[in-house]
Amino acid sequence: MRIDVVSIFPDYLAPLELSLVGKARREGILDLQVHDLRAWTTDRHRTVDDTPFGGGAGMVMRPDVWGTALDHLLEPSTSSAAPGATTLLIPTPSGAPLTQQDAEELAGRERLIIACGRYEGIDARVAEHYAQRPEVTVREFSLGDYVLNGGEVAALVLVEAVARLLPGVVGNPASLVEESHSTAPGGGLLEYPVYTKPATWRGLAAPDVLLSGHHGKVARWRRDQALRRTAQRRPDLIAGLDQATLDEADRAVLTESGWSGGRHGAVGETTGEGGGPP
Ligand SMILES: C[S@@+](CC[C@H](N)C(=O)[O-])C[C@H]1O[C@@H](n2cnc3c(N)ncnc32)[C@H](O)[C@@H]1O
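Residues numbered from 1 in each chain as written. Predicted model: local features only at pLDDT ≥ 70, side-chain atom pairs only at ≥ 80, totals over all residues. Heavy atoms only, no water.

J.: Would you mind going over the side chain of Ser7 with me for this structure?
T.: Here Ser7 lies in strand β1 (residues 2–7). Within the structure, the side chain of Ser7 is placed 2.7 Å from the backbone nitrogen of Phe9, a separation counted as a polar contact. Setting aside anything within four residues of it in sequence, one finds Ser7 in contact with Leu13, His35, Asp36, Leu37, Cys116 and Glu152. (Helix = DSSP H or I, 4+ residues; strand = E, 2+ residues; numbered from the N terminus. Polar contact = N/O pair within 3.5 Å; in protein donor to acceptor, adjacent residues only side chain to side chain. Contact = heavy atoms within 4.5 Å.)

J.: Help me understand the environment of Ala96, please; the structure alone is not making it clear to me.
T.: Position of Ala96 relative to the elements: it lies in strand β5 (residues 86–97). Excluding residues that lie within four positions of it along the chain, Ala96 makes contacts with Glu140, Phe141 and Ser142.

J.: Even after reading the chapter, I still don't get the confidence of the model for the protein, so can you show me in this structure?
T.: Low-pLDDT portions of the prediction should not be read for the details of their coordinates. Across the protein, the average pLDDT comes to 92, with 94% of residues at or above 70. Scored below 50 in pLDDT, residues 262–278 shows 29 contacts in the model against residues more than four places distant or in partner chains. (pLDDT = per-residue confidence, 0-100.)

J.: Is there a simple way to explain the site of the ligand in this structure?
T.: As a matter of local geometry, the ligand sits amid 18 residues, with Pro91, Glu120, Leu143, Tyr146 and Leu148 nearest to it. Here Pro91 contributes a backbone N or O atom positioned 2.9 Å from an oxygen atom of the ligand. Within the side chain of Glu120, an N or O atom sits 2.9 Å from a nitrogen atom of the ligand. In isolation the ligand has 580 Å² of accessible area, and contact with the protein removes 83% of it. (Near = heavy atom within 4 Å. Areas by Shrake-Rupley, 256 points an atom, 1.4 Å probe, with all protein chains shown as cover.)

J.: Just to check I follow, could you spell out the nonpolar core for this structure?
T.: The nonpolar side chains of soluble globular proteins are, as a tendency, buried together. Counting residues in hydrophobic clusters, the biggest one holds 25 residues, and the most contacted among them are Ile3, Leu30, Ile114 and Leu158. Contributions of two or more residues to this core are made by β1, α1 (19–26), α3 (100–107), β6 (111–115) and α5 (152–163). No other element matches the 7 residues that α5 contributes to this core. Among the nonpolar cores identified, the runner-up in size contains 21 residues, and Ala69, Leu73, Leu74 and Val136 belong to it. (Core = buried A, V, L, I, M, F, W, Y, C linked by side-chain atoms within 4.5 Å. Buried < 20%, exposed > 50% of the residue type's maximum accessible area, 1.4 Å probe, protein only.)

J.: Sorry, what's going on with the pairing of β5 here?
T.: As paired elements, β5 and β6 share 4 bridges and run parallel to each other. Following the sheet pairing, Thr87 is matched in β6 by Leu112. Once the chain exits β5 it traverses α3 before rejoining the sheet at β6, and the crossover so formed is right-handed. (Pairing = 2+ DSSP bridges. Right-handed = clockwise from strand over helix to strand, strands pointing away.)

J.: I tried to follow the packing of aromatic side chains on my own but got confused; where do I start?
T.: Centre distance and the angle of the planes are the two values used to describe a pair of aromatic rings. Under the defined criterion, the tally for this structure stands at 1 aromatic pair. Here the aromatic rings of Tyr195 and Trp221 are separated by 6.4 Å at their centres, their planes lie at 55 degrees, and the arrangement is tilted. One end of the pair, Tyr195, is in the loop between α6 (174–177) and β8 (200–201); the other, Trp221, is in helix α7 (residues 215–233), with 26 residues separating them in the sequence. The partly exposed category is assigned to Tyr195, whose relative accessible area is 34%. (Phe/Tyr/Trp six-rings, centres within 6.5 Å; stacked < 30°, edge-to-face > 60°.)

J.: Explain the sheet that holds β5 to me, please; I cannot follow it from the model alone.
T.: Within a sheet, adjacent strands bond to each other through the backbone by hydrogen bonds, running parallel or antiparallel. If you trace the 5 strands from one edge of the open sheet to the other, you get β2-β1-β6-β5-β7, paired in parallel fashion. Because the sheet does not close on itself, it has two edges, and the strands there are β2 (31–36) and β7 (136–142). Neighbour-to-neighbour, the strand axes of this sheet turn through a mean angle of 25 degrees, independent of strand direction. The pairing of β5 with β7 spans 8 bridges and is classified as parallel. Paired with Pro97 across the two strands is Ser142, which belongs to β7. (Axes fitted to C-alpha atoms, helices over the stretch in contact; angles between N-to-C directions.)

Spelled out as structure tokens, the structure:
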């Protein structure tokens, strides 16, 4: 897969040389290139922004500079002209929230370009123009309902979420299946709590069942914990489950944990629901 990230702060993307993403780059699984948007400016001051039409606070990123940059990256030598071959991703708080399903879908794409905005964002005609180009699919995405200073953090998040799904990046692909937000069959829940040695730490014992060596019981315990935790922290995810995927034991756990279509404590409230013995 090829990913290009364009930013006025390319150094911000340095962490993409580290850890699994950095390794994937070195091993040729991921061809990731970071570009300085100012390389495509033509004036002495390397200007990328200007005052907003209609007035108001802040500056807006100029469409002509972005257009030159993106046209260059979309040249036939670096990109396929097949319909939708390139996905142009524009981080913005007004985009659709990024999900694991998006990451899975993007991991199957040939080429991604991430356009990191700054100031008040990128002139809206950039997204409009490239959405009309047959070889490009445009997606404006948000990390969440808050405002960051720039799109670089969103680019880091997106690259990490997508790259770890590429074959060969995560050592044991099985570990991707049981994770929170997995779209695999039986998924869609938050992950169960996890434990390791020592068996007792500061008076807190890891659940006995996990040390029992009984695979069936461990699997059931983990499923129960995932259901309980999701019902408590993210009842919206339970409500969105395909009810046909729930067995009798699942339903019993949900009833016992008080799930009745949304009656729960504050989101993120920690109750230690996973810490005690089964
Ligand atoms: C200060 S923000 C602009 C906010 C914009 N004026 C608004 O209110 O929607 C500058 C840049 O940060 C990035 N950004 C800020 N918040 C974001 C979020 N929640 N998700 C993704 N990108 C975000 C985008 O690239 C955006 O163009």
